[in-house]
Amino acid sequence: MITNNSFKPSRYMIILFISLISMFFLIIFSLYDINLEHKGAELNEMGKNVVLRIESLAECLSDEQSIFKKKLSDKEVEKFIVTHLNKIYANSHSFDKTGEIVLVRFFDNNIELLLQNRFKSSNYDLQLANNKLFAESVMKALNGEPGVIIAKDYRGEKVLAAYRPFSGLNLGLMVKIDIKEIREPYIIAGIFAVILSLFIVFIGSLIYTKIKNPSMELLKRKENKYRGIFESATDMFFLLSNKHKIIDVNKSARKKYHFSEDQMLGKDFKELIFQKYHRQFTQTLITTFKGLEAKILSRHITSAGETFPVEVHITPILLEEDEALLVSVRDISKRVDNQKKNVKLEAQLSQSEKLASIGQLAAGVAHEINNPMGYINSNLNTMNKYIWKLNKFFSELEINSKERAEEIEEMMTDFGDAIAESLEGADRVKKIVADLKSFARTDNKFEFVNINEGIASTLNIVHNQLKYHCEVQEDLQDIPEVFCIRGKINQVIMNLLVNAGQSIKANGLIVIKTWSENEKVFISIKDNGIGIPKDKINQIYDPFYTSKEVGVGTGLGLSVVYDIIKKHEGTIDVISEVGVGTEFIITLPYRKDEEEEDDEDFTLNSQSNYL
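Notes on the structure follow. (Residues numbered from 1 in each chain as written. Predicted model: local features only at pLDDT ≥ 70, side-chain atom pairs only at ≥ 80, totals over all residues. Heavy atoms only, no water.)

Side note on the pattern of salt bridges
Opposite charge on two side chains permits them to pair, given that their charged atoms come into close proximity.
Thought 1: On inspection of all chains with the given rule, the structure shows 10 salt bridges.
Thought 2: The closest approach of N and O atoms between Lys176 and Glu100, which form a salt bridge, is 2.8 Å. Of this pair, Lys176 sits in strand 7 (residues 172-178) while Glu100 sits in strand 2 (residues 99-107), placing them 76 residues apart in sequence. The pair formed by Lys176 and Glu100 is uniform in burial state, with each residue classed as buried.
Thought 3: The partner of Glu311 in a salt bridge is Arg335, and the shortest N-O contact between them spans 3.4 Å. Within this pair, whereas Glu311 is found in strand 11 (residues 307-319), its partner Arg335 is found in helix 8 (residues 333-395), the two being separated by 24 residues in sequence.
Thought 4: Assessed through its relative accessible area of 33%, Arg335 is described here as partly exposed.
Thought 5: Sharing partners across several salt bridges, the network here consists of Lys295, Glu311 and Arg335. (Salt bridge = Lys/Arg side-chain N within 4 Å of Asp/Glu carboxyl O. Helix = DSSP H or I, 4+ residues; strand = E, 2+ residues; numbered from the N terminus. Buried < 20%, exposed > 50% of the residue type's maximum accessible area, 1.4 Å probe, protein only.)

Okay, here's the thing in structure tokens:
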């Protein structure tokens, strides 16, 4: 695994070396400029002194009271001065290693060197015809300008030269020194600076190695340790770049997705996600790159095209100062299978509870059916007799008599009443059977349901259980339809009504009420039965808990009620007092976000919308 903020000594040593060299050379260049300026001033002062001496000598020679007892011409003065100066400066006109004093003049468009120079054996009248090396400094001197310049001399060497003119003489003076000589100590200093910088870097590296090496070893051991954990983890781990490219992946992931390490490195992580969930992953990245962790349920796909449900944890990290993601993927196929089994078991228990309730109601339903069927049968027999009599009456000739006519009219009236009563009984049987079929439905389709209609249907089913010992009062207000599973809500109402009836011994009252407010529908079922003790209130929703006698109920009724209401994103509250009665209040939202889902998805989607 790649560690964050890794230190690279070689890079930092190079930076240190460049910094030291830059500092040293800045100092050397600054000192060189200062020395060059100082040397130019020194050469200028030296030239000034030489010019003053020559001008003083020339002034004496041109005086009539000179040693020659006569006034010399300018040419004679010049020749005498040059000869005299050659003797004077034979050993002193040079200084330092390359320093030199040069006296020049123009002669027939040529430049003549009038002093014995340091670097040539010629003496007087050394001419440099059409020489341009001296041109700039000599021309300025001969034109009466003093100054300091860096230029080339008669040898072609670059020199620092101070030039000055002579007053009253056709002469120029140049005092110069080679630039090489001035630079030499600074070049040596530069070489020394390089050596010193290398030495400092070397010593720094040794100190760093001595101090940091144990820490690096410890860091390396930790890296190996965490690498081992990363590689051997049963969960699948991925390290992603900020472009969600796979930087690293562990063995479990390679095995699960059926890819080699080379095939996975550099791959876009979205290629491992089932296409339906690409948008979900992209939206999640917006959250994670804000520094927040994320957990999502999704479905991934292997190289063979097999898909499986996963739980994904995404954690943002810094990887060498760049944003990256540590992704943990867990296969939750077994969990989903267990959820499906639990859903199936719950459906079986729910259906068992239905069947148990229907079994308890079977005798009453049979009685309810037998009563209308009894008078239907009786009426049909009566109609049969009337038909026989009608046939007999119509066969007699005296049918037009008043007495017979009245009798026929009476029979026909009874015949009509019998038929109407028979039809009413048949309709009642049909309704009871329809309500039973609706209650026993096993499909779990969400739809918009009129709760009041469901209550009326359920009351029709449980009527026989309640009518002998209690009265049912209805207060059903105009409420909006609720998006729910019709059969399950009917089952909730039936279970609560049956429980209320069983809690009443005689002359009881059950009040069922509905109303709506704040985008919610409320159902209240209140009885004046025996009530529930306070220490038992918290147990009433536990599976298989019952306070009834053996053989009465399964103990699943209220547990099923609680689960159904919870899965409809509703609530159920109970208010009870021993000897006074119990009231259950159910709260349901108008509708859910899901449009349609089956019973298996119903449980799974309570935890995730992605599986």
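This is not the end of the story, as more comes after the structure.
Quick look at a nonpolar patch on the surface
Thought 1: On the surface, a nonpolar cluster with roughly 600 Å² of combined accessible area is contributed by Leu16, Phe199, Ile200, Phe202, Ile203, Leu206 and Ile207.
Thought 2: Per-element tally for the nonpolar patch: the top contributor is helix 4 (residues 179-232), with six residues.
Thought 3: As for its position among the elements, Leu206 is in helix 4.
Thought 4: Note on Leu206: relative accessible area 44%, which makes it partly exposed. (Patch = residues over 30% accessible without salt bridge, like charges linked within 9 Å, V, L, I, M, F, W, Y side chains within 5 Å. Areas by Shrake-Rupley, 256 points an atom, 1.4 Å probe, with all protein chains shown as cover.)

Concerning the packing of aromatic side chains
Thought 1: Under the defined criterion, the tally for this structure stands at 10 aromatic pairs.
Thought 2: Consider the rings of Phe25 and Phe29, whose centres lie 5.9 Å apart with planes at 55°: the pair is tilted. Residue Phe25 and its partner Phe29 are both found in helix 1 (residues 9-61); the two are separated by four residues, about one turn of the helix.
Thought 3: According to the relative accessible area criterion, Phe25 is partly exposed, its value standing at 26%.
Thought 4: The structure contains a cluster of three or more aromatic residues connected by ring pairs, namely Phe238, Tyr257, Phe269, Phe281 and Phe308. (Phe/Tyr/Trp six-rings, centres within 6.5 Å; stacked < 30°, edge-to-face > 60°.)

Points about the sheet that holds strand 17 (residues 520-527)
Each strand in a sheet pairs with another by means of backbone hydrogen bonds, the pair being arranged parallel or else antiparallel.
Thought 1: Taken together, the five strands give an open sheet; going across it, the order is 14-16-17-19-18, and neighbouring strands pair in mixed fashion. For this open sheet the edge positions go to strand 14 (470-476) and strand 18 (571-577), each flanked by a neighbour on one side alone. Between one strand and the next, the sheet's axes are offset by a mean angle of 10°, whatever the strand orientation.
Thought 2: The pairing of strand 16 (residues 508-517) with strand 17 spans eight bridges and is classified as antiparallel. Across the sheet, Lys513 pairs through a bridge with Ser524, a residue of strand 17.
Thought 3: Contacts between helix 10 (residues 451-466) and the sheet are confined to strand 14, strand 16 and strand 17, with strand 14 contributing the most and set at about 175° to the helix. (Pairing = 2+ DSSP bridges. Axes fitted to C-alpha atoms, helices over the stretch in contact; angles between N-to-C directions. Contact = heavy atoms within 4.5 Å.)

A closer look at helix 7 (residues 278-288)
Thought 1: For helix 7, the complete set of buried residues consists of Gln280, Phe281, Thr284, Leu285 and Thr288. The buried residues of helix 7 occupy one face: seen down the axis, they fall within an arc of 140°. Facing away from the buried surface of helix 7 by more than 90 degrees, the exposed residues are Arg279 and Ile286.
Thought 2: Packing partners of the buried residues in helix 7 comprise strand 8 (236-241), strand 10 (294-301), strand 11 and strand 12 (322-331). (Arc of directions from axis to C-beta.)

Things to note about the environment of Asp527
Thought 1: Mapped onto the elements, Asp527 comes out in strand 17.
Thought 2: Taking the C-alpha atoms as reference points, Asp527 and Ser503, separated by 24 residues in sequence, lie 8.2 Å from one another.
Thought 3: If near-sequence neighbours (up to four positions away) are discounted, Asp527 is found in contact with Ala500, Ser503, Ile504, Leu509, Ile510, Val580, Gly581 and Thr582.
Thought 4: At 2.8 Å, the side chain of Asp527 forms a polar contact with the backbone nitrogen of Gly529. (Polar contact = N/O pair within 3.5 Å; in protein donor to acceptor, adjacent residues only side chain to side chain.)

Points about the side chain of Gln280
Thought 1: The residue Gln280 is located in helix 7 in this model.
Thought 2: According to the relative accessible area criterion, Gln280 is buried, its value standing at 10%.
Thought 3: Polar contacts involving the side chain of Gln280 include one to the main-chain carbonyl oxygen of Leu297, which spans 3.1 Å.

Focus on the nonpolar core
Thought 1: With 36 residues, the main nonpolar core has Leu496, Ile510, Ile525, Phe584 and Ile586 as its most contacted residues.
Thought 2: Secondary structure elements with two or more residues in this core: helix 10, strand 15 (482-485), helix 11 (486-503), strand 16, strand 17, helix 12 (557-567) and strand 19 (581-589).
Thought 3: When residues in this core are grouped by element, the largest group, eight residues, is from helix 11.
Thought 4: In this structure, Ile525 is in contact with Ile493, Leu496, Leu497, Ile510, Val511, Ile512, Thr582, Glu583 and Phe584, ignoring residues within four places of it in sequence.
Thought 5: With 30 residues, the next largest nonpolar core counts Phe24, Ile28, Ile54 and Ile179 among its residues. (Core = buried A, V, L, I, M, F, W, Y, C linked by side-chain atoms within 4.5 Å.)

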